[in-house]
Amino acid sequence: MNSLLPRNLSLVIRPVQYRDLDGIERLTQDSYTDLSPKGSFFTMQWLRHWFGLLKFLSWFPNPLQYRFCGFVAEQGRMLLGMIQVSPFNRTRSTWRIDRVMLDRTADKLGVGSQLLRHCFESILEARTWLLEINVNDVDALALYRQNGFQRLAEMTYWEISPELLRELAQAEPDLPNLLPVSNADAPLLYQLDTASMPPLVRQVFDRHTHDFKTSLFGVLADAVKQWVTKTEVVSGYVFEPQRKAAIGYFQVQLDRKGENPHVASLTVHPAYTWLYPELLSQLARIAQDFPQQGLQLASSDYQPEREEYLERIGAKRIEHTLIMSRSVWHKIRESKFVSLEGIQWPEVLQGLQPARKPIPGGMSWVPKPQPASERTAANKSETVAFGSQQFHNMDTYRQSESSEAHQENN
């Protein structure tokens with residue numbers, strides 16, 4: 001299907017405004033969903049109700065400044081695309097592309113690339129970009145690879161059925177040092193997170209200790225979110241007293257309404273993979289107090305022990321995604337190339353060129369006789385000035401000695 005818009009109209013990329021919500025809702029229903037990476041998105045009813053407050057909070061630094069950060073692509077009052085981004089860590093050195101929605105009549109690669117590049121150019125604090133897409137989205141892979149994204153890791157999402165959860169809950173978990181999580185445990189969780197992933201992934205994620213802390217405002221926001229969505233979050237970690245380190249961590253979001261599956265996240269030290277059965281049994285026991293729903297969790301390709309265990313107990317694969325990243329080095333490659341051949345190095349390093357004839361080493365109090373041809377040039381040099389200054393100092397020194405001797409005789 002060809003677009004009915006004139007081709008001479010330019011594409012305008014700008015931040016999302018309230019008048020764009022109708023067009024965004026149309027894109028949500030009719031967009032080319034294969035170009036949308038995996039990520040959460042606000043419901044239109046919630047966004048219409050709170051858009052004014054979110055827009056106001058985005059004008060000054062606050063914990064909700066980037067709660068909703070999006071841009072739209074408009075051509076002749078026609079909304080052709082929308083992109084939503086958010087910071088991935090507290091330092092905002094890594095940003096995440098939450099969603100890209102494109103109109104079916106638009107040029108997918110053209111409009112999508114302009115939306116992505118507008119984010120790269122406008123958000124200057126981002127050193128790395130991150131996204132997650134389904135491995136079967138061929139068009140999405142083409143779009144992101146064209147804009148410099150490369151494979152970082154593969155994720156597999158699993159679902160444990162309610163029947164299997166009941167079986168796992170019958171086993172008694174051997175977790176004698178299971179402790180609740182607080183802000184004081186942030187250094188332990190940071191060390192565990194660092195040890196559980198490869199160096200390249202750790203460099204892209206760029207997490208620090210404060211990423212594992214929760215502020216008072218964050219606690220209140222999470223409480224309101226759990227009250228509105230009818231969910232409950234339970235977390236804990238396993239402490240190793242001999243090493244004084246955390247060796248396992250879990251967090252599970254439980255649905256109290258029984259409409260959606262429970263969602264869990266696990267972090268296990270590579271040297272303590274025997275914790276997987278114990279932690280799964282603990283999660284199954286926690287889920288027994290809530291409506292009988294399945295439990296979803298993820299495993300990466302650099303965690304083969306977790307995948308082997310989930311396959312052995314009979315968990316079901318529900319999705320296979322690809323995490324892609326884009327470094328700032330692509331900005332240098334895409335910028336205008338400046339050749340060094342046109343630079344005149346003698347002019348640049350002119351201050352380092354010798355301004356006069358070099359003087360041999362060694363210092364002499366008596367100036368050497370010079371030819372008449374060089375006598376004029378020597379009078380202007382710093383060497384003669386240095387020598388005359390030294391002779392002046394010697395005369396002063398001799399006068400002071402004679403005055404002291406005269407005083408002693410008297």
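Overview of the structure. Everything numeric in this text was worked out from a predicted model, so none of it was measured.

With that out of the way, let us pick up the overall build of the protein chain. Broken down by element type, the protein chain carries 14 helices and twelve strands. Taking all 410 residues of the protein chain together, the buried fraction comes to 38%. Taking all contacts inside the protein chain whose residues are at least 6 apart in sequence as the whole, residues at least 24 apart take part in 73%. Looking at the protein chain as shown, the accessible area adds up to about 25200 Å², and 54% of this sits on carbon and sulfur atoms.

Turning to the packing of aromatic side chains, a few remarks are in order. Tallying each qualifying case throughout the model produces twelve aromatic pairs. Ring centres of tyrosine 272 and tryptophan 274 lie 6.4 Å apart, and the angle between their planes is 65°; on these two criteria the pair is classed as edge-to-face. With relative accessibility at 13%, the residue tyrosine 272 sits in the buried group. Connected via pairs of aromatic rings, a cluster forms that spans Tyr66, Trp95, Phe120, Trp129, Tyr144 and Phe149. Over the face of the ring belonging to phenylalanine 120 we find arginine 326, whose NZ or CZ atom lies 4.1 Å from the ring centre.

Turning next to a nonpolar patch on the surface. Residues Trp46, Trp50, Leu53, Phe56, Trp59 and Phe60 make up a contiguous nonpolar surface patch of roughly 640 Å² in combined accessible area. Inspection of the secondary structure assignment puts phenylalanine 60 in the loop between helix 2 (44–57) and strand 2 (69–75).

Looking at the secondary structure, you find leucine 280 in helix 9 (residues 275–287). As a C-alpha pair, leucine 280 and phenylalanine 250 span 30 residues in sequence and 9.4 Å in three-dimensional space.

Tallying each qualifying case throughout the model produces 13 salt bridges. Between glutamate 74 and arginine 14 there is a salt bridge; the shortest N-O distance is 3.1 Å. Separated by 60 residues along the polypeptide, glutamate 74 in strand 2 and arginine 14 in strand 1 (residues 12–15) bring together distant segments of the chain. Exposure class is identical for glutamate 74 and arginine 14. Each is buried. Residue arginine 96 is joined to aspartate 98 by a salt bridge in which the shortest nitrogen-to-oxygen separation is 3.1 Å. By relative accessible area, aspartate 98 is classed as buried at 8%.

This next bit is on the environment of leucine 54. Here leucine 54 is to be found in helix 2. When its relative accessible area of 8% is taken as the criterion, leucine 54 is described as buried. For the pair leucine 54 and arginine 67, spaced 13 residues apart in sequence, the C-alpha separation works out to 7.1 Å.

On the basis of which strands lie adjacent, the open sheet formed by twelve strands has the order 1-2-3-4-5-12-6-11-10-9-8-7 and mixed pairing. Whereas interior strands pair on both sides, the edge strands pair on one side only; in this sheet they are strand 1 and strand 7 (178–179). As judged from the two bridges shared by strand 7 and strand 8 (residues 231–240), these two strands associate in the antiparallel manner. When the sheet's bridge partners are listed, leucine 178 is paired in strand 8 with valine 238. This element, helix 10 (residues 304–313), spans strand 6 (150–160), strand 10 (262–268), strand 11 (295–300) and strand 12 (316–327) of the sheet and lies at about 25° to strand 6.

Summarising the sheet, strand 8 and strand 9 (residues 245–255) pair through ten bridges and their orientation is antiparallel. Looking at the pairing, glutamate 232 lines up with leucine 254 of strand 9. Connecting strand 8 to the antiparallel partner strand 9 that follows it, the hairpin turn spans four residues, and lysine 244 within it adopts a positive phi of roughly 55°.

Here we come to the pairing of strand 5 (residues 128–134). Buried residues dominate strand 5, accounting for seven of its seven residues. Neither face of strand 5 is left uncovered, since the one carrying Thr128, Leu130, Glu132 and Asn134 and the one carrying Trp129, Leu131 and Ile133 both have all their residues buried. Across three bridges, the pairing between strand 4 (residues 94–102) and strand 5 is parallel. By the bridge assignment for strand 5, arginine 96 is matched with leucine 130.

Turning next to the nonpolar core. Core analysis: the largest hydrophobic core is formed by 31 residues, its most contacted members being Ile160, Leu168, Leu266, Leu279, Leu295 and Leu310. For this core, the secondary structure elements donating two or more residues are strand 6, helix 5 (162–169), strand 9, strand 10, helix 9, strand 11 and helix 10. Here this core gets eight residues from one element, more than from any other, and that element is helix 9. Residue contacts for leucine 266: discarding those within four places in its chain leaves Tyr249, Phe250, Tyr276, Leu279, Leu280, Leu283, Leu297 and Arg306.

So, how was this worked out
- Residues numbered from 1 in each chain as written.
- Predicted model: local features only at pLDDT ≥ 70, side-chain atom pairs only at ≥ 80, totals over all residues.
- Heavy atoms only, no water.
- Helix = DSSP H or I, 4+ residues; strand = E, 2+ residues; numbered from the N terminus.
- Buried < 20%, exposed > 50% of the residue type's maximum accessible area, 1.4 Å probe, protein only.
- Contact = heavy atoms within 4.5 Å.
- Areas by Shrake-Rupley, 256 points an atom, 1.4 Å probe, with all protein chains shown as cover.
- Phe/Tyr/Trp six-rings, centres within 6.5 Å; stacked < 30°, edge-to-face > 60°.
- Lys NZ or Arg CZ within 6 Å of the ring centre and 35° of its normal.
- Patch = residues over 30% accessible without salt bridge, like charges linked within 9 Å, V, L, I, M, F, W, Y side chains within 5 Å.
- Salt bridge = Lys/Arg side-chain N within 4 Å of Asp/Glu carboxyl O.
- Pairing = 2+ DSSP bridges.
- Axes fitted to C-alpha atoms, helices over the stretch in contact; angles between N-to-C directions.
- Core = buried A, V, L, I, M, F, W, Y, C linked by side-chain atoms within 4.5 Å.

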